[in-house]
Amino acid sequence: MCLQHHRDCFCGRRSAHLTFRDNILSPEILVNLYCPECRPAVHWDADSMVEDCGWVLELDIPAAQLSFQKKGIHRQVTPAYLFDEGYLSWQGLSPVDAEVNAEIHQRLEPLAKENMQQYLQALKKEWLAHVAQLKAAGWRKAQNAL
Ligand SMILES: [Zn+2]
C-alpha cells in the first residue's frame, strides 16, 4: 500500500500528485516543492534536493534517514535515491500524471460503450504516446518506462 498525497508548489501556481512507497516516509519529509516557475528562487543544495524537468523537491534527509532506521532499513539515503526508488515521488511518471490518466479515460469513455476492445486499444495507445512524450522530455521516472 502506498500513501497518496496532493501538494501545492512553493508559489502556489502548480501542484503535484505524490506517492510514498511502502509508507516509510510521510508528506512532512517534503519540506518544499518548487515548480518550474518558482524554481529560479531555489538555492540549490544537492544534499537535500532532487530535480526533475524543472521541478525541485526539497527533502528533510535527516528525518528520512530516521524513518528508514525505524523500519530497520540501514542504508544511506539521498534525495535522488528516495525519488527514483519511489519512496517520495510523483504518482505515476510526472507531477500531473494522475490528471492526464483521468483525462484520457474520460475522453475515451464514449468508445467504451460502443466497442470495449477498441476502447482498450485506444487507451493503451494514448498512454504509450504520453509516456513516450515524457521520456523524450527527460522526466526521470519515464526513462525506464518503455
Ligand atoms: Zn511554483
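Quick notes on the rules
Residues numbered from 1 in each chain as written. Predicted model: local features only at pLDDT ≥ 70, side-chain atom pairs only at ≥ 80, totals over all residues. Helix = DSSP H or I, 4+ residues; strand = E, 2+ residues; numbered from the N terminus. Contact = placed C-beta atoms within 7 Å. Core = buried A, V, L, I, M, F, W, Y, C linked by C-beta atoms within 7 Å. Buried ≥ 20, exposed ≤ 12 C-beta atoms within 10 Å, placed from the backbone. Domains from an automatic or database assignment. Expected span 1.5 Å × (residues − 1). Bend = angle between axes of the 7 residues up to and from the residue. Axes fitted to C-alpha atoms, helices over the stretch in contact; angles between N-to-C directions. Parallel < 35°, antiparallel > 145°, perpendicular 65-115°, else oblique. Left-handed = near helix turned anticlockwise from the far one by under 90°. Nonpolar A, V, L, I, M, F, W, Y, C, P; charged D, E, K, R; others polar.

1. Quick word on the overall build of the chain
Along the backbone of the chain there are four helices and six strands. Of the regular secondary structure in the chain, the N- to C-terminal order runs β-β-β-β-β-α-α-β-α-α. Expressed as a percentage of contacts within the chain between residues at least 6 apart in sequence, the contacts between residues at least 24 apart total 50%.

2. Section: the nonpolar core
Proteins that are soluble and globular tend to have nonpolar side chains buried together. L25, L57, L59, L82 and L88 are the most contacted members of the largest nonpolar core, which has 26 residues in total. When contributions to this core are tallied by element, the ones reaching two or more residues are β2 (15-20), β3 (30-34), β4 (49-52), β5 (55-59) and α2 (79-84). The element contributing the most residues to this core is β5, with four residues. Two domains share this core, each providing at least three of its residues, namely domain 1 (3-90) and domain 2 (97-142). Contacts of L25, omitting those with residues within four sequence positions, involve F20, A64, S67, L82, Y87 and L88.

3. A look at helix α4 (residues 116-137)
A rise of 1.5 Å per residue sets the reference length of α4, with its 22 residues, at 32 Å; its end C-alpha atoms lie 32 Å apart and thus fit the reference within 8%. Trailing α4 by a residue or two, G138 shows a phi angle of about 100°, which is positive.

4. Observations regarding the domain arrangement of the chain
What the domain assignment lists for the chain is domain 1 (3-90) and domain 2 (97-142). Contact residues are listed per partner, giving six residues for domain 1 and seven residues for domain 2.

5. As for helix α3 (residues 97-114)
Relative to the 26 Å expected for 18 residues at 1.5 Å per residue, α3 spans 26 Å between its end C-alpha atoms, a close match to the ideal helical length. The axis of α3 is deflected most strongly, by about 45°, at L108, and proline P110 appears within four residues downstream.

6. Remarks on the packing of α3 against α4
Taken N-terminus to C-terminus, the directions of α3 and α4 make an angle of 155°; their axes are 9 Å apart at the nearest point. One element, α3, and the other, α4, form an angle in the roughly antiparallel class. α3 and α4 meet at a crossing whose hand is right-handed. Here α3 contributes V100, I104, L108, L111 and A112 to the contact with α4, which in turn contributes M116, Q118, Y119, A122, L123, E126, W127 and H130. For the contact of α3 with α4, a count of residues per class yields 10 nonpolar, two polar and one charged.

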